[in-house]
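Per-entry structural report
Residues per chain, in single letters:
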Amino acid sequence: MARTVQFSEYGGTDVLAAVDAPALTAGPGQVRIEVRAAGINPIDWKIMRGFMREMIPLTLPAGLGSDVAGVVDQVGTGVTEFQVGDEVMGRSLTPAISESALADPANLITKPADIGWDVAGSVAGAGGTAWAVLNQLGIKAGDTLLVHAAAGGVGTFAVQLAVARGARVIGTASERSFEYLRSIGAEPVSYGDGLLERVRAVAPHGVDAVLDASGRGEIPLSIELAGGPDRVLTLVAFDAADTGIQVFVGATEDDWGPALREIVSLLELRRLTVPIWRTFPLAETAAALDTSSAGHLNGKIVVLS
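Below is a short write-up of the structure. Here the structure is a predicted model, which means the values were calculated and not measured.

1. A word on helix H1 (residues 42-49)
Every buried residue of H1 is listed here: Asp44, Trp45, Ile47 and Met48. On an axial view of H1, the arc spanned by its buried residues comes to 155 degrees, and they lie on one face. Looking at the buried positions of H1, the neighbouring elements they touch are strand S1 (2-7), strand S2 (16-21), strand S3 (31-40) and helix H9 (285-294). Positive phi appears at Gly50, one or two residues downstream of H1, with a value of about 90 degrees.

2. Observations regarding the packing of helix H3 (residues 124-137) against helix H4 (residues 153-164)
At a minimum axis distance of 8 Å, the contact between H3 and H4 shows a crossing angle of 50 degrees. Taken together, H3 and H4 sit at an angle that is classed as oblique. As for the relative orientation of H3 and H4, their crossing is right-handed in sense. Residues Ala126, Gly127, Thr129, Ala130, Trp131 and Leu134 of H3 form the contact with H4, whose own contacting residues are Gly153, Val154, Phe157, Ala158, Leu161 and Ala162.

3. Section: the nonpolar core
Residues Leu145 and Leu211 are the most contacted members of the largest nonpolar core, which totals 46 residues. Contributions of two or more residues to this core are made by helix H2 (117-120), H3, strand S9 (144-148), H4, strand S10 (168-173), helix H5 (178-183), strand S12 (209-212) and helix H8 (256-268). Of the residues forming this core, the biggest block, eight residues, is contributed by H3. Not counting residues up to four positions away in its chain, the partners in contact with Leu211 are Val133, Leu137, Leu145, Leu146, Val147, His148, Ala158, Leu233 and Leu235. Counting residues in hydrophobic clusters, the runner-up holds 32 residues, among them Ile40, Met52, Ala96 and Ala101.

4. Brief notes about the packing of helix H6 (residues 195-202) against helix H7 (residues 219-226)
Running from amino to carboxyl end, H6 crosses H7 at an angle of 25 degrees, the nearest separation of the two axes being 10 Å. Judged by the angle between their axes, H6 and H7 are roughly parallel. Between H6 and H7 lies a crossing whose hand is right-handed. Of H7, the residues touching H6 (which contributes Leu195, Leu196, Val199 and Arg200) are Leu221, Glu224 and Leu225. In terms of residue class, the contact of H6 with H7 is made up of five nonpolar, no polar and two charged.

5. Let's talk about the pattern of salt bridges
Per the counting criterion, the structure on display carries 10 salt bridges. One salt bridge connects Glu224 with Arg200, and the closest N-O pair in it is separated by 4.0 Å. Of the two residues, Glu224 sits in helix H7 while Arg200 sits in helix H6, which places them 24 residues apart along the sequence. We classify Glu224 as partly exposed; its relative accessible area is 45%. One salt-bridge network, held together by shared partners, links Lys140, Asp143 and Arg231.

6. Examining the side chain of Thr156
Assignment of secondary structure puts Thr156 in helix H4. Within the local environment of Thr156, its side chain forms a polar contact with the side chain of Tyr180, the two groups lying 2.8 Å apart. Look past the residues within four positions of Thr156 in its chain and what remains in contact with it is Ala150, Ala151, Tyr180, Ile184, Thr273 and Pro275.

Conventions we followed
Residues numbered from 1 in each chain as written. Predicted model: local features only at pLDDT ≥ 70, side-chain atom pairs only at ≥ 80, totals over all residues. Heavy atoms only, no water. Buried < 20%, exposed > 50% of the residue type's maximum accessible area, 1.4 Å probe, protein only. Helix = DSSP H or I, 4+ residues; strand = E, 2+ residues; numbered from the N terminus. Arc of directions from axis to C-beta. Contact = heavy atoms within 4.5 Å. Axes fitted to C-alpha atoms, helices over the stretch in contact; angles between N-to-C directions. Parallel < 35°, antiparallel > 145°, perpendicular 65-115°, else oblique. Left-handed = near helix turned anticlockwise from the far one by under 90°. Core = buried A, V, L, I, M, F, W, Y, C linked by side-chain atoms within 4.5 Å. Nonpolar A, V, L, I, M, F, W, Y, C, P; charged D, E, K, R; others polar. Salt bridge = Lys/Arg side-chain N within 4 Å of Asp/Glu carboxyl O. Polar contact = N/O pair within 3.5 Å; in protein donor to acceptor, adjacent residues only side chain to side chain.

Here it is as structure tokens:
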């Protein structure tokens with residue numbers, strides 16, 4: 001048996017329960033992980049509340065989480081990449097907010113000894129998304145990238161990955177996040193009325209690309225700043241597809257391995273940081289999700305098993 005967090009109906013965190021579930025068995029091409037850390041992402045509480053039920057249909061009861069770090073404790077047939085006892089980090093196939101999870105070795109990477117469990121368990125989702133988005137936008141050295149909601153989960157990774165590629169990054173955020181954005185390499189500007197003029201003040205000739213992780217209605221001004229819709233991409237404004245911008249629907253299975261390798265390399269070189277806002281024990285997953293849904297965080301929330 002393994003302790004896991006599930007919900008049997010959609011709703012707030014009062015629908016969550018920690019239960020003893022039957023032990024998982026690694027199938028062919030899979031590994032089983034004794035989970036040490038699972039990162040919380042906004043999609044987790046959105047799934048719980050039923051906001052994603054059409055895009056991500058579930059059979060209830062269901063669990064949450066896919067960002068994972070832990071120790072391999074069972075290896076399925078055909079797996080040669082890892083063996084029992086290996087410390088790994090990446091993305092799970094089964095819910096990660098649990099004491100045990102299954103994963104595809106292609107979506108994992110060996111955890112370096114100098115990276116803590118909290119950080120290791122919180123990079124795959126937001127980091128992998130940011131990596132895939134930058135590739136889709138074709139961000140390269142010399143580009144100027146505008147990131148809306150730059151201090152958020154995906155924004156934090158996008159800023160640092162873009163800077164590492166030699167791009168200039170302008171990030172929108174509230175003023176209380178300005179110091180944080182400067183610390184990770186972005187030039188901050190306040191969102192809200194007058195945003196177009198504020199961006200023009202620091203980038204008179206506009207920008208080369210825009211990542212919208214905000215959804216506050218910045219698409220028209222983003223198109224104007226980028227000189228057209230081709231290199232404007234949104235993670236959240238799904239109703240803006242008719243403007244001609246790119247609507248990101250998710251990283252592919254081929255993205256996770258390369259994304260994790262680049263992120264871990266930058267972590268080891270101290271060219272990328274993953275701030276941890278707070279950690280919670282598995283029994284306090286509800287509080288972790290409530291904290292995430294409240295927003296305005298400059299860092300990751302992690303559940304430790």
